[in-house]
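Chains, contacts and geometry: an overview
Spelled out, the chains give:
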Amino acid sequence: MSEAKTVTATFNPFTINTNQLTITTTGTGFGTVFSDLNNDGAPDLLVVNGGIKRLTIDPAPQGKANSDPFWNGYEQRSQIFANDGNGAFVDVSAGNLAFTGTAAVARGLAMGDLNNDGGPDLLVTRIAAPARVYRNIAPRGHWLTVRVVEPTLGGRDAYGAEVTINAGGRRRTVWVNPSQSYLCSNDPRAHFGLGSATRAEDIRVVWPDGGQEQFAGVAADQIITLRKGSGQRIVSGATPSGGR
């Protein structure tokens, strides 16, 4: 069995004018994640591609990744679609060749803040090529990462919980489900891009069993852990005031 190899790269997903409205490349679409890459509060869309039949494709600026000629014609480029904050996505692939410039037979796309600096990083798995890790170096706003755990279950991550924060006059909700994307498991923590907001006024959690709790507000730019049973219980239909 050959030794698995991992290649590390950096990328800045916001380096061009986002007035483009056309898709610059097309692909089959395998690994797909929504992730707020620049923490502006609007989750962006990333897609990695790899064909299931041989096609004639446009040559990639940085060539192809696969080492086995059997896969020639299956390789496709990845894509980044920036969220403009108004419900529309703009294809910014052409200006982000660190992530999109090499054609590959890509399958899995996993997301997680690998170095805990508040910027979601990416891992791409590829056929006939090493996996590749992309470190997020995009200029970005404030952020908050929330881990929710179940103490009675050995401190396990509370998969299925819904975490809602109020920050900067906006309300945001993240569903704790690491299983998005093809054959991948992502960072189970709820990541929030806060833009210019420097704190979250309050945090509410709907736990997997339906119970609800409110937690006190916290400053931005940190990772926190919330444990079930340590917040103020919310009775259905009631409006809580403050947390503890």
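Keep in mind the model is a prediction, meaning the values are calculated, not measured.

1. Concerning unusual backbone geometry
Non-glycine residue Asn39 carries a positive phi angle of around 55 degrees. Topologically, Asn39 is positioned in the loop between strand S2 (32–35) and strand S3 (44–47). Of note, the phi angle at Asn116 is positive, near 55 degrees, even though the residue is not glycine. In this fold, Asn116 is placed in the loop between strand S6 (105–112) and strand S7 (121–127).

2. Quick word on the sheet that holds strand S11 (residues 162–167)
Think of a sheet as strands paired side by side through backbone hydrogen bonds, with each pair either parallel or antiparallel. As summarised here, the arrangement of the five strands in space is S12-S11-S14-S15-S17, forming an open sheet in which the pairing is antiparallel. Among the strands making up the open sheet, the edge pair consists of strand S12 (170–175) and strand S17 (232–233). The sheet contact formed by strand S15 (residues 212–219) and S17 spans two bridges and is antiparallel. Bridge pairing in S17 links Glu213 to Arg233.

3. Re the confidence of the model for the protein
Regions with low pLDDT should not have their predicted coordinates read in detail. In this model, the protein carries an average pLDDT of 89, and 86% of its residues clear a pLDDT of 70 or more. Scored below 50 in pLDDT, residues 15–22 shows 10 contacts in the model against residues more than four places distant or in partner chains. Low pLDDT, under 50, characterises residues 240–244; the predicted model gives this stretch 15 contacts beyond four residues in sequence or across chains.

Analysis parameters
- Residues numbered from 1 in each chain as written.
- Predicted model: local features only at pLDDT ≥ 70, side-chain atom pairs only at ≥ 80, totals over all residues.
- Heavy atoms only, no water.
- Helix = DSSP H or I, 4+ residues; strand = E, 2+ residues; numbered from the N terminus.
- Pairing = 2+ DSSP bridges.
- pLDDT = per-residue confidence, 0-100.
- Contact = heavy atoms within 4.5 Å.

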